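# Results of the structural survey
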Amino acid sequence: DALTDGWEREHCYTGVFRENVQAKNDPSYPSKYLKADQPLYPCTDVQARYKNPCYRRQPMYALLMQNNDFAKVFDLCAKVEVDFRPACYHGLGRSAFFQSIEEQVTDIAQAGSTRMLCMLGEDHEAQSNCVAGAVKTFIYYNRGDTRVEAFCRPFDADLHAVCHRAAEEYYEDFALD
């Protein structure tokens, strides 16, 4: 909260929630802020200014608690307060991308797998935010890779446009060349 720059503050918050989720892998430093029976906790209880960065990271833990069932976690995200649902779906897109790179070898297969997972969302809001989260993670992971078109190609026309728009936003936000 002491940081004055909004970008720095937001990314600091995100780091806190990332480390909280990562604590599940470190038995010597367990988090008291992870609850198996409440997979989106602590996001459900933090102040509003922390909710978006929390919901962008918490789906990773929710997936673990839901046996990697993306449809169940989409349902959990659908119950989140309206203003914070996009962040939760965005986090699912991030997780969909990471799962696809673990399971698929080629970029085309990764994109297809990510698309399949994002399409488990029940509506356009869920699917489009999942796609946006996935493509932004694709760019970050690949350090500004120029293969965005190949990644976006498998989506239908509307989501293809969402994919490109999210990529453009990412490049604008981070001034990648």
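Residues numbered from 1 in each chain as written. Predicted model: local features only at pLDDT ≥ 70, side-chain atom pairs only at ≥ 80, totals over all residues. Heavy atoms only, no water.

### Here's the deal with the pattern of salt bridges
In the structure shown here, the tally under the stated rule is 4 salt bridges. For Lys 51, the salt bridge identified is with Glu 81, shortest N-O distance 3.1 Å. Of this pair, Lys 51 sits in helix 2 (residues 48-65) while Glu 81 sits in the loop between helix 3 (70-78) and helix 4 (85-103), and the two are 30 residues apart along the sequence. For Glu 81, a relative accessible area of 35% gives the class partly exposed. Arg 153 is the salt-bridge partner of Glu 149, the closest N and O atoms lying 3.8 Å from each other. Glu 149 gets classed as partly exposed once you look at its relative accessible area, which sits at 32%. Residue classification places Arg 153 among the partly exposed positions, given a relative accessible area of 48%. (Salt bridge = Lys/Arg side-chain N within 4 Å of Asp/Glu carboxyl O. Helix = DSSP H or I, 4+ residues; strand = E, 2+ residues; numbered from the N terminus. Buried < 20%, exposed > 50% of the residue type's maximum accessible area, 1.4 Å probe, protein only.)

### Quick notes on the state of the cysteines
Defined simply, a disulfide is a covalent bond joining two cysteines at their sulfur atoms. Per the stated rule, a full pass over the model turns up 4 disulfides. Here Cys 43 engages in a disulfide with Cys 54; their sulfurs sit 2.0 Å apart. Linking Cys 43 and Cys 54, the disulfide has an S-S dihedral of approximately -85° and is accordingly described as left-handed. Of the two residues, Cys 43 sits in the loop between helix 1 (6-22) and helix 2 while Cys 54 sits in helix 2, which places them 11 residues apart along the sequence. (Disulfide = S-S within 2.5 Å.)

### A closer look at the layout of surface pockets
Its volume calculated, the second largest pocket comes out at about 260 Å³. Every residue along the wall of the second largest pocket is listed here: Lys 24, Met 60, Leu 63, Leu 64, Asn 68, Phe 70, Arg 94, Ser 95, Phe 98, Gln 99, Glu 102 and Glu 103. Sorting the residues of the lining of the second largest pocket by element identifies helix 2 and helix 4 as the ones contributing at least two each. Sorting elements by how many residues they give to the lining of the second largest pocket places helix 4 first, with 6 residues. A breakdown of the residues in the lining of the second largest pocket according to their chemical character gives 5 nonpolar, 3 polar and 4 charged. (1 Å grid on protein atoms, 1.4 Å probe; cavity = no way out; pocket = protein on both sides within 12 Å on 5 of 7 lines; lining within 4 Å. Points joined across faces, edges and corners; volume = space filled by probe spheres on them. Nonpolar A, V, L, I, M, F, W, Y, C, P; charged D, E, K, R; others polar.)

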